[in-house]
Every structure is written in C-alpha cells, then in structure tokens.
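Listed below are the residues making up each chain.
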Amino acid sequence: MTTVGLKPPQQHIGIGALREIWTIADDAGFDGCWVFDHLAPMGPDRTGDVFDGWSLLAAMAEATRRVRIGCLVSGNTNRHPGTFAKIAATVDHLSGGRLDVGLGAGGDPLTDAMMGTPAPSAAERVERLAETCEILRLLWTRPVTGHHGRHYTLTGAISDPKPVQQPKPPLWLGSSGEKRGLRVVAEHADVWLNAALPGTEIPELQRLSRVLDAHCAAAGRDPATLRRAVQFRLPSDADRALRLAQNYVEAGFTELVLMPAGRDDVVAASEAAAKLLPRLRDVG
C-alpha cells in the first residue's frame with residue numbers, strides 16, 4: 001500500500017499560511033504532513049525566517065484531527081537522545097498517537113559553527129545515530145533505563161509517560177551511507193527515507209535499495225518489513241507529477257512525500273497537490 005504525505009516549504013512562511021496548509025493536509029486525506037529540523041533556511045541564501053520544527057509539530061498536533069505528523073528528518077546531533085525521547089513522546093500524546101519519528105545523523109556546518117554545536121565526523125555521527133535509536137527504544141518501553149555506550153551514558157533514567165503508540169512510534173531513518181548508514185537503517189528503522197541528493201536518478205535509488213536489502217539480510221531481517229520512502233519536489237504540471245510518482249512506486253518506494261513548488265504562494269501549491277491526491281492514490 002502506498003502512502004502520500006505533504007511536506008510544504010517551512011522557510012520564509014508565516015504561521016497563518018502554515019496553519020492553512022495543515023488544514024488542507026488534514027481535510028484532503030493526506031497520510032502525513034511533515035516539517036524539517038533546521039535552524040536556518042536551506043538553499044543558497046540561508047537568511048530569513050524559519051520556525052522550529054518540533055514546536056510546529058506540537059501546534060500541528062492540536063490543529064489537525066487525522067493526518068499523521070512528523071519531521072523529515074531531525075538532526076540527531078541537535079538534541080541529547082533523552083531530551084529527544086521526551087519531546088517525541090509529548091507530541092505523540094498531543095496528537096493522540098499520530099506521530100512518525102524522522103531521524104538522521106545530523107550535521108549542518110553553518111548552524112553548527114554559529115551555535116557552537118559539536119561537529120563530529122560522519123562516521124561518528126552515524127555511530128551516535130545508532131546509539132540514539134537503541135536509547136529511544138529503551139526509554140519508550142522500559143520503566144528504568146541504563147545505557148553505557150561509546151557516546152551516551154544513561155544511569156537509572158526514567159522517561160514517562162511512554163508514547164501513546166506502543167511499543168514505539170514508527171521510526172523513519174534518513175541515510176544513504178552504504179557501509180554504515182544503511183546498516184543502521186536495516187537494524188533500527190521502520191521506514192527508510194532515501195537521503196540521496198535531490199535529483200538523484202531512480203536507477204541509483206534502486207541500487208541503494210538493493211544495498212539496504214543486503215544489510216537487512218546480514219542483520220537477519222526480511223527486507224520486505226522495511227518500507228521505503230522518497231521525498232521529491234512535485235512538478236506543477238499534473239501529468240508530469242503523476243508520471244514521476246508512478247516511476248517511484250514502480251521502483252519500490254511505498255511512501256511518497258510531496259514537496260509542492262511555489263514559494264510565492266505555498267497555500268495555493270498545497271491546494272493543487274490536494275486536488276491531485278485522488279489520482280496519486282490510483283498510482284499507488
């Protein structure tokens with residue numbers, strides 16, 4: 001079964017417009033509505049307004065009724081895993097159990113430098129991501145957690161309440177590192193979010209998916225139990241958008257995250273995506 005989510009622009013957008021988009025996503029029947037986790041706008045010009053992703057999720061939880069919500073993806077180095085577990089559990093309760101937890105290894109040279117955030121190597125970031133996945137599982141399921149890892153230590157840690165969704169909210173991991181990152185995905189994720197560069201051709205995405213299958217086999221996991229997600233900019237031309245979605249589905253991606261174009265009028269672009277949703281369902 002294919003799901004279709006909406007990930008509207010979050011930067012240079014006012015709160016009023018964001019609220020309108022959340023209502024569109026909820027009323028139109030999208031499966032998910034997503035934010036991102038950056039301290040500054042992305043792209044060539046990194047100045048301007050951008051709101052905190054997890055604060056928006058808390059607001060979205062109260063402003064919507066049925067659509068699932070989440071962040072694609074949270075940077076693991078932005079928060080201690082114990083703090084992150086508490087934030088996610090809180091939003092899961094606010095939403096009545098509609099949270100999908102997106103997580104990646106993190107790292108943004110610009111904001112790390114300006115905020116003084118630790119900037120470990122890529123290999124260490126992936127190690128930290130793996131540890132965080134294990135810590136989240138423990139904090140969300142056990143009364144008391146002890147963890148003595150290479151990067152994090154928890155001693156008699158409690159984290160209550162547990163999430164509404166048990167044993168845990170679905171975990172979407174964004175990574176394309178062939179040796180380490182995809183191994184962590186195979187070991188911990190419910191959904192793999194392809195994190196290849198925008199514009200990566202579908203044959204390359206399929207190759208990465210086969211690498212992930214091999215990691216699943218090595219971990220003793222059936223690859224069919226790991227759903228595959230791709231986020232992509234939605235062309236304004238409906239026929240072109242449908243062809244692109246069809247290509248991703250045929251390539252094995254079961255979770256489509258649409259990024260509507262149109263910074264000048266993001267509400268109109270989101271409405272256009274909503275009108276296309278029934279035809280996208282037929283693609284799936």
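Preceding this section is the structure that the text describes.
Quick caveat, the model's predicted, so the values are computed rather than measured.

Caption draft 1: Region of the structure containing the nonpolar core. The biggest cluster of nonpolar side chains holds 74 residues, and the ones touching the most others in it are Phe30, Leu57 and Leu173. It is helix H9 (residues 266-283) that contributes the most residues to this core, eight residues altogether. When residues no more than four places from it in sequence are discounted, the contact partners of Phe30 are Val4, Gly5, Leu6, Ala25, Arg66, Val67, Leu258, Ala273, Ala274, Leu277 and Arg281. Counting seven residues, the second largest nonpolar core, distinct from the first, contains Leu72, Trp172, Leu193 and Val257.

Caption draft 2: Summary view of the side chain of Glu131. Topologically, Glu131 is positioned in helix H5 (residues 122-141). With no salt bridge to any partner, buried Glu131 finds its closest opposite charge in Arg150, at an N-O distance of 6.9 Å. Of the polar contacts made by the side chain of Glu131, one reaches the backbone nitrogen of Tyr152; its length is 3.2 Å.

Caption draft 3: The arrangement of empty space enclosed by the protein in detail. Within this structure, the stated rule accounts for one cavity of 30 Å³ or more. In this structure, the largest cavity spans a volume of roughly 40 Å³. Around the largest cavity sit Ser74, Gly75, Asn76, Arg79, Phe84 and Leu103, which together line it. Of the residues contributing to the lining of the largest cavity, the split by class is two nonpolar, three polar and one charged.

Caption draft 4: Region of the structure containing the pattern of salt bridges. Scanning the model with the defined rule gives 16 salt bridges in all. Its salt-bridge partner being Asp108, residue Arg46 comes within 2.7 Å of it at the nearest N-O pair. With a gap of 62 residues between them, Arg46 in the loop between strand S2 (32-35) and helix H2 (53-63) and Asp108 in the loop between strand S5 (99-104) and helix H4 (109-115) connect regions that are remote in the sequence. Since its relative accessible area comes to 22%, Arg46 is described here as partly exposed. For Arg228, the salt bridge goes to Asp213, with nearest N and O atoms at 2.7 Å. With Arg228 in strand S10 (residues 227-234) and Asp213 in helix H7 (residues 202-218), this pair connects stretches of sequence that are 15 residues apart. Through salt bridges with shared partners, a single network forms among Asp26, Asp27 and Arg65.

Caption draft 5: Inspection of the packing of aromatic side chains at higher detail. In total, this model carries five aromatic pairs according to the counting rule given. Between Trp54 and Phe84 the ring centres are 5.4 Å apart and the planes differ by 85°, which places this aromatic pair in the edge-to-face class. Taken together, the residues span a long stretch of sequence, with Trp54 in helix H2 and Phe84 in helix H3 (residues 81-94) at a distance of 30 residues. Each member of the pair, Trp54 as well as Phe84, carries the same accessibility label: buried. Geometrically, the ring pair formed by Trp192 and Phe253 is tilted, given 6.1 Å between the ring centres and 35° between the ring planes. Of this pair, Trp192 sits in strand S9 (residues 191-193) while Phe253 sits in the loop between helix H8 (238-250) and strand S11 (255-260), placing them 61 residues apart in sequence. Just as Trp192 is buried, Phe253 falls in that class too. What links up through ring pairs into an aromatic cluster is the set Trp192, Phe232, Tyr248 and Phe253.

Rules used in this analysis
- Residues numbered from 1 in each chain as written.
- Predicted model: local features only at pLDDT ≥ 70, side-chain atom pairs only at ≥ 80, totals over all residues.
- Heavy atoms only, no water.
- Core = buried A, V, L, I, M, F, W, Y, C linked by side-chain atoms within 4.5 Å.
- Buried < 20%, exposed > 50% of the residue type's maximum accessible area, 1.4 Å probe, protein only.
- Helix = DSSP H or I, 4+ residues; strand = E, 2+ residues; numbered from the N terminus.
- Contact = heavy atoms within 4.5 Å.
- Lys, Arg positive; Asp, Glu negative; His and termini not counted.
- Salt bridge = Lys/Arg side-chain N within 4 Å of Asp/Glu carboxyl O.
- Polar contact = N/O pair within 3.5 Å; in protein donor to acceptor, adjacent residues only side chain to side chain.
- 1 Å grid on protein atoms, 1.4 Å probe; cavity = no way out; pocket = protein on both sides within 12 Å on 5 of 7 lines; lining within 4 Å.
- Points joined across faces, edges and corners; volume = space filled by probe spheres on them.
- Nonpolar A, V, L, I, M, F, W, Y, C, P; charged D, E, K, R; others polar.
- Phe/Tyr/Trp six-rings, centres within 6.5 Å; stacked < 30°, edge-to-face > 60°.

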